[in-house]
Amino acid sequence: MNRRPRPHPSHLERELTDLGTVIRVPPAPDLVAGIRTRIESQTGRRRLTPAPRLAFVAAALLIAVLGGVVLFSTSAREAVAGWLGIRGIDIVEDAPTPNHANTRLSLGRGSSLSGARKLASFDIAVPAAPGLGRPDEVYVAETAYGGRSVSLVYRAGPSLPAAAGTRVGLLITQFEAGVEDDLIQKVKTAGVEVEPVRIGASPAYWISGNPHYVFLLDPGGGVIEDRTRLAGDTLLWESGRVSLRLESGLGKGRALPIARSMRAP
Amino acid sequence: MLGECSFPNGSREPNVSRRRRGLQKQSTVGDRPLDDAELIERATEGDLHAYEGLVGSYQGIAHRTAFLLTGSSADAEDATQEAFVKAFYALPRFRPGAPFRPWLLKIVANEAISRRRAAGRTERLNLRLTEVRPSGGAVPSPEAAALRDEDRRELLAAVGRLGERDRLAITCRYWLELSEAETAEVLGCARGTVKSRLSRALSRLRAAMPAGLVDSATATGGDPG
């Protein structure tokens, strides 16, 4: 850490405002006529709302078919619906049954690690902790805002106790999203404890107690709401532009070293 | 996509038949130009001429927003045009009396970010400084001016290394000089969240900057601040 006294925020803010005045921005083209032409041609050939409606229903169905890793929160639902001009359409949420994970974890499409690496727009990290090796299963899903999440599944074994009600010993899900302190507050519900910890230099949260939802911030600003898949405890942290969630029945003492061993290629 | 879109819960369907009838050339009342609220009301009813008035007023800041978020002239132009088209169709859900600028810029930002993402661009934004320095304050010596330009480039590069959401907050608040409330609307979050996000972004920025650079940038600046 730098021990120099940091400048008052207003200095930096002033510098940023000043910087904004000297960034080279090309002259704005006159788009009036082009926009008008676009609107006239679109209005002339179709009604305005059915196409997005169909697209949205198709997208919703696709998400349902894929297992619906991401559940639409009320705000996200409204955002997407409002965006497509169909505010008012309801998306049926997955039944919140995070403690029956052995039947279905709803993790998305099965893939391989190399396949997932091609699909994801971020570097997928894998734990280097001894005894874990490569994940047994890999899944890729799409988030509500078009990003991807990747889940690494480690089956339970002699050194990896199964999370309650499942045959999964460890589940690590990576999202292209951020962890926000404000949103962590939403996790704190009845029967859920949130303890701040650290993974390297990053703040992290050890979440224990009842099954719960986590809220992550999509790079574009949307809130991704995702429920835990295992009944175990959760470790949640951010690494670069990726949020990582580790679920297991291992307890904090074993989960933290695994998280700290995560390495991207 | 930007989340928590604050489109008001309007229920009017776009008036397609009126749109198809085309222009109603009435963007003035007598000699008085229509204000935003009147233009929006008419555009919502299908008056393309009124919408042209809105496009004319806001295309400058819309394009600037898109360029600052994409760093590409072509992407900025496409995103701006697409955003205005989408905004036209979204007008029935615009809450009458609400400020139009942040509502529009949210759509623009969304388009710009989506475009950059769809193109798979993960490299830093290619923003550059203009050669022209703004006037104001004491004229710095050539050495001081050169040092200040270097500091600015460092700061610009540091912003470029920030995550997408931090950069969006910085762009809105400092480069577009939107108010906190407007920034909140563009980002689709509460004002308190804007504050905390900006605070965090500034911390990251300070941490990412070479030691002392912000101090020296401030100290050597011609801006009396």
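Conventions used here
Along each chain, the written sequence defines residue order, and numbers are assigned to residues from 1. To read the labels, note that chains go from A and ligands from 1, taken in the order they are written. Whole-chain, interface and lining totals are the exception, using all residues; otherwise, since this is a predicted model, local features are given only for residues with pLDDT of at least 70 and side-chain atom pairs are given and counted only at 80 or more. Computation of side-chain values covers all heavy atoms of the structure but excludes hydrogens and water. Criterion for a salt bridge: a side-chain nitrogen of Lys or Arg within 4 Å of a carboxyl oxygen of Asp or Glu. Helix and strand assignments follow DSSP, with helices taken as H or I runs no shorter than four residues and strands as E runs no shorter than two, numbered in order from the N terminus. Any residue under 20% of the maximum accessible area for its type is buried, any over 50% is exposed, and the rest in between are partly exposed; the area is computed with a 1.4 Å probe on protein chains only. Contact definition: two residues touch when any of their heavy atoms are within 4.5 Å. Centres within 6.5 Å make a pair out of two Phe, Tyr or Trp rings, where for Trp the six-membered ring is used; the pair is then stacked when the planes are under 30 degrees apart, edge-to-face when over 60, and tilted otherwise. We call a set of buried residues a nonpolar core when its members are Ala, Val, Leu, Ile, Met, Phe, Trp, Tyr or Cys and they connect through side-chain atoms within 4.5 Å of each other. Strand pairing is assigned whenever DSSP detects at least two bridges linking the two strands. Between N-to-C directions, angles cover 0 to 180 degrees, with each direction set by a line fitted to C-alpha atoms, over the stretch in contact for helices. Angle categories: roughly parallel below 35 degrees, roughly antiparallel above 145, roughly perpendicular from 65 to 115, and oblique for all the rest. The handedness criterion is simple: a crossing whose near helix is rotated anticlockwise from the far helix by less than a right angle is left-handed, and one whose near helix is rotated clockwise is right-handed. Any helix carries an expected span of 1.5 Å times its number of residues minus one. A score between 0 and 100, pLDDT records how confident the predictor is in each residue. For this scheme, ten residues count as nonpolar: Ala, Val, Leu, Ile, Met, Phe, Trp, Tyr, Cys and Pro. Four count as charged, namely Asp, Glu, Lys and Arg, and the remainder, Gly too, count as polar.

Novice: For this particular structure, what's the right way to read the pattern of salt bridges?
Specialist: Should the charged atoms of two oppositely charged side chains come close, the side chains can pair. For the structure shown, the criterion picks out 17 salt bridges over all chains. Notably, a salt bridge pairs A:Glu247 with A:Arg245, separated by 3.1 Å at the nearest N-O pair. Of the charged contacts, one joins B:Glu180 and B:Arg191 as a salt bridge, the two residues approaching to 3.6 Å between their closest N and O atoms. Taken together, the positions of B:Glu180 in helix α8 (residues 180-187) and B:Arg191 in helix α9 (residues 191-208) put the pair 11 residues apart, joining distant regions of the chain. On the accessibility criterion, B:Glu180 (16% relative accessible area) is buried. Salt bridges here are not isolated pairs; linked through shared partners, they connect A:Glu238, B:Arg165, B:Asp166 and B:Arg204.

Novice: Please clarify how the side chain of B:His63 should be interpreted in this entry.
Specialist: Considering the arrangement of structural elements, one finds B:His63 in helix α3 (residues 48-70). The buried category is assigned to B:His63, whose relative accessible area is 2%. Setting aside chain neighbours within four positions, we find B:His63 in contact with A:Pro26, A:Pro27, A:Ala28, A:Pro29, B:Ala76, B:Glu77 and B:Thr80.

Novice: Which parts of the structure should I look at to understand the packing of aromatic side chains?
Specialist: Describing an aromatic ring pair means giving the distance of the ring centres and the angle of the ring planes. Residue and element names in this part refer to chain B. Scanning the entire structure with this criterion turns up 7 aromatic pairs over all chains. For the ring pair Tyr-51 and Phe-84, a centre distance of 6.4 Å and an interplane angle of 75° mean the geometry is edge-to-face. One end of the pair, Tyr-51, is in helix α3; the other, Phe-84, is in helix α4 (residues 73-90), and 33 residues separate them in sequence. No difference in accessibility class separates Tyr-51 from Phe-84, as the two residues are buried. Summarising the aromatic geometry, the rings of Phe-94 and Trp-103 are spaced 5.0 Å apart at their centres and angled 75° between planes, so their arrangement reads as edge-to-face. For the pair formed by Phe-94 and Trp-103, the shared burial category is buried. Each member of the aromatic cluster is reached from another via a ring pair, and the members are Tyr-51, Phe-84, Phe-88 and Tyr-89.

Novice: Mind showing me how you'd approach the nonpolar core here?
Specialist: Counting residues in each nonpolar core, the largest one holds 72 residues, and the members touching the most others are A:Leu16, B:Tyr51, B:Leu91, B:Phe100, B:Ile170, B:Trp175 and B:Leu205. Residue contributions to this core peak at 12 residues, all from α3(B). In contact with B:Leu91, not counting residues within four places along its chain, are B:Ile40, B:Ala43, B:Thr44, B:Tyr51, B:Phe100 and B:Trp103. Among the nonpolar cores identified, the runner-up in size contains 32 residues, and A:Leu170, A:Ala204, A:Leu246 and A:Leu250 belong to it.

Novice: Looking at this model, I keep getting lost on the pairing of strand β10 (residues 233-239) of chain A. Mind explaining?
Specialist: For a regular strand, the rule is simple: side chains alternate between the two faces of the sheet. Residue and element names in this part refer to chain A. Among the 7 residues in β10, 5 count as buried, and that is most of the element. Where strand β7 (residues 202-209) meets β10, 4 bridges bridge the pair, whose relative direction is antiparallel. Its bridge partner lying in β10, Ala-204 is registered against Trp-237. Where β10 and strand β11 (residues 242-248) come together, 7 bridges link them in antiparallel fashion. Within β11, the residue paired with Glu-238 across the bridge is Ser-243. Counted between consecutive antiparallel strands, the loop separating β10 from β11 contains 2 residues, among which Gly-240 sits at a positive phi close to 60°.

Novice: What am I meant to see in unusual backbone geometry here?
Specialist: Trans peptide bonds make up most of the peptide bonds, and negative phi angles are found at most residues other than glycine. The residue B:Glu177 is not glycine, and still its phi comes out positive at about 55°. Structurally, B:Glu177 is set in the loop between α7 (164-175) and α8.

Novice: I'm lost on the packing of α3(B) against α7(B) in this one. Help?
Specialist: Each packed pair of helices is defined by two parameters, the angle between the axes and the distance between the axes. All names here are of chain B. Contact geometry of α3 with α7 gives a least axis separation of 10 Å together with a crossing angle of 140°. If you check the angle between α3 and α7, you find them oblique. Relative to α7, the crossing made by α3 is right-handed. On α7, the residues that touch Arg-64, Leu-68 and Leu-69 of α3 are Leu-168, Thr-171 and Trp-175.

Novice: Explanation requested: α9(B) in the structure shown.
Specialist: An α-helical turn contains 3.6 residues, so any two residues separated by three or four positions project in the same direction. In a regular helix each residue adds 1.5 Å, so 18 residues correspond to 26 Å; α9(B) covers 25 Å between its end C-alpha atoms and thus fits that length. Turning to α9(B), its buried residues are B:Thr193, B:Val194, B:Arg197, B:Leu198, B:Arg200, B:Ala201, B:Leu202, B:Leu205 and B:Arg206.

Novice: When you look at the confidence of the model for chain A in this model, what are you seeing that I'm missing?
Specialist: Any residue range with low pLDDT should be treated as having predicted coordinates unsuitable for detailed reading. Residue and element names in this part refer to chain A. Summary statistics for chain A give a mean pLDDT of 72 and a share of 69% for residues scoring 70 or more. No element of chain A has a lower mean pLDDT than helix α4 (residues 74-83), which averages 37, and none a higher one than strand β2 (residues 126-127), which averages 94. pLDDT under 50 marks residues 1-7. Its contacts with residues more than four places away, or in other chains, come to 10 contacts. Predicted confidence for residues 45-103 stays below pLDDT 50, and this span has 107 contacts to residues more than four positions away or in other chains.

Novice: Hey, could you run me through the packing of α8(B) against α9(B) in this one?
Specialist: All names here are of chain B. Relative orientation of the contacting elements α8 and α9 amounts to 90°, with a least axis distance of 8 Å. Here α9 runs roughly perpendicular to α8, going by the angle between their axes. Across from Glu-180, Ala-181, Thr-183, Ala-184 and Leu-187 in α8, the residues of α9 making contact are Arg-191, Val-194, Lys-195 and Arg-197. When the residues that make up the contact of α8 with α9 are grouped by side-chain class, the tally is 4 nonpolar, 1 polar and 4 charged.

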